[in-house]
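# Observations on chain architecture
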Amino acid sequence: MRTGNLFVLSGPSGAGKGTLIGLLLKRLEGAWLSVSATTRAPREGEVDGVSYLFVSDDRFDEMVAQDRLLEWAQVHDHRYGTPRDLVERHIAAGDQVFLEIDVQGALQVRSKFPAAHLVFIAPPSMEELERRLRGRGTDSEESIRLRLANAEGEIRLKEEYDECFVNDDVDACLASLIAYVERFSEKKEEDRL
Ligand code: 5GP
């Protein structure tokens with residue numbers, strides 16, 4: 001059995017993390033993506049328990065009070081957090097566990113779980129990021145402006161990450177990401193031989 005690892009993926013909204021992770025989950029055996037809890041409302045097509053666990057403010061407060069979140073942060077206008085229980089269980093089962101979370105959350109994970117691998121997914125440019133956010137047609141003008149303003153701060157924090165991949169071509173970026181992940185899972189397997 002492989003040894004489980006924890007990979008944290010961050011990057012501005014629109015950098016393409018969701019697409020990359022979707023492809024990675026299909027390609028990489030034993031990969032598991034954590035489903036976050038959030039107080040934001042579902043977007044069209046999002047399914048409770050699949051995209052996110054959509055919870056009330058009171059429920060989120062309860063999860064924080066009961067220490068059920070590995071990390072949590074206010075991102076844009078809402079709170080988001082990673083339920084601890086399933087993450088720990090999947091790592092113990094030997095899975096490659098992925099969190100798609102913001103930079104504040106990633107730094108909390110690093111301090112609580114120093115073995116985590118922090119990966120930053122960067123857009124090729126701010127212009128391209130804006131084009132992608134507008135192209136996805138899911139966010140209001142106000143939300144797009146907020147996401148672009150936050151992106152600059154997020155990109156400044158990329159030095160805190162172990163690795164940064166620029167997503168200018170999804171296939172190339174996916175190949176780099178898979179190679180990076182396999183380096184750790186395979187290394188652990190060799191250690192066991
Ligand atoms: P969105 O509202 O576009 O789905 O996500 C907004 C931001 O929240 C993204 O940057 C995403 O990475 C971040 N996010 C999603 N889940 C979590 C989480 O559990 N914890 C933290 N800290 N950030 C999260």
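Residues numbered from 1 in each chain as written. Predicted model: local features only at pLDDT ≥ 70, side-chain atom pairs only at ≥ 80, totals over all residues. Heavy atoms only, no water.

A word on unusual backbone geometry. For Asp67, which is not glycine, the phi dihedral falls at a positive 55°. Here Asp67 lies in the loop between α2 (57-65) and β5 (69-75). In this structure Asp67 comes out as partly exposed when scored by relative accessible area, which is 48%. (Helix = DSSP H or I, 4+ residues; strand = E, 2+ residues; numbered from the N terminus. Buried < 20%, exposed > 50% of the residue type's maximum accessible area, 1.4 Å probe, protein only.)

Every buried residue of helix α1 (residues 17-27) is listed here: Lys17, Leu20, Ile21 and Leu24. Down the axis of α1, the smallest arc covering the buried residues is 95°, so these residues share one side. (Arc of directions from axis to C-beta.)

This paragraph deals with the pattern of salt bridges. Across all of its chains, the model carries 18 salt bridges by this definition. The partner of Asp67 in a salt bridge is Arg84, and the shortest N-O contact between them spans 3.1 Å. Linking Asp67 in the loop between α2 and β5 with Arg84 in helix α3 (residues 84-92), this pair joins segments that are 17 residues apart in sequence. Bridged by salt links that share partners, the residues Arg40, Arg43, Glu46, Arg136, Asp139 and Arg147 form one connected network. (Salt bridge = Lys/Arg side-chain N within 4 Å of Asp/Glu carboxyl O.)

This next bit is on helix α6 (residues 141-156). End to end, α6 covers 24 Å across 16 residues, agreeing with the expected 22 Å (1.5 Å per residue, within 8%). All buried positions along α6 are accounted for by Ser143, Ile144, Arg147, Leu148, Ala151 and Glu154. The secondary structure elements touched by the buried residues of α6 are α4 (103-112), β8 (117-122) and α5 (126-136). (Expected span 1.5 Å × (residues − 1). Contact = heavy atoms within 4.5 Å.)

Attention now moves to the site of the ligand. Neighbouring the ligand are 18 residues, the closest being Ser36, Arg40, Tyr52, Tyr80 and Asp102. Residue Glu71 places a side-chain N or O atom 2.8 Å away from a nitrogen atom belonging to the ligand. Arg147 is positioned with one of its side-chain polar atoms (N or O) 2.9 Å from an oxygen atom of the ligand. Protein coverage of the free-state accessible area of the ligand, which is 520 Å², stands at 96%. Here the residues of the shell around the ligand sort into 5 nonpolar, 6 polar and 7 charged. (Near = heavy atom within 4 Å. Polar contact = N/O pair within 3.5 Å; in protein donor to acceptor, adjacent residues only side chain to side chain. Areas by Shrake-Rupley, 256 points an atom, 1.4 Å probe, with all protein chains shown as cover. Nonpolar A, V, L, I, M, F, W, Y, C, P; charged D, E, K, R; others polar.)

Let's shift gears to the packing of α5 against α6. In contact at an axis separation of 11 Å, α5 and α6 are set at 150° when each is read in the N-to-C sense. Between α5 and α6 lies a crossing of right-handed hand. Contacts between α5 and α6 involve Met126, Leu129, Glu130, Leu133, Arg134 and Arg136 from the former and Glu141, Ile144, Arg145, Arg147, Leu148, Ala151, Glu152 and Ile155 from the latter. Residues of the contact of α5 with α6, tallied by class, amount to 7 nonpolar, no polar and 7 charged. (Axes fitted to C-alpha atoms, helices over the stretch in contact; angles between N-to-C directions. Left-handed = near helix turned anticlockwise from the far one by under 90°.)

With that settled, the discussion passes to the UniProt feature "binding site: ATP" (unreviewed entry) in the protein. UniProt tags Gly11, Pro12, Ser13, Gly14, Ala15, Gly16, Lys17 and Gly18 as "binding site: ATP" (unreviewed entry). Mapping Gly14 onto the fold places it in the loop between β1 (5-10) and α1. What makes Gly14 buried here is its relative accessible area of 12%. Ignoring anything within four residues of it in the chain, the contact list for Gly14 reads Leu129, Arg132, Leu133 and Arg136. Turning to its location among the elements, Lys17 is positioned in helix α1. The residues touching Lys17, leaving out its near neighbours within four places in the chain, are Leu9, Ser10, Gly11, Pro12, Glu100 and Ile121. (UniProt positions renumbered as here; feature names shortened; annotations may be inferred.)

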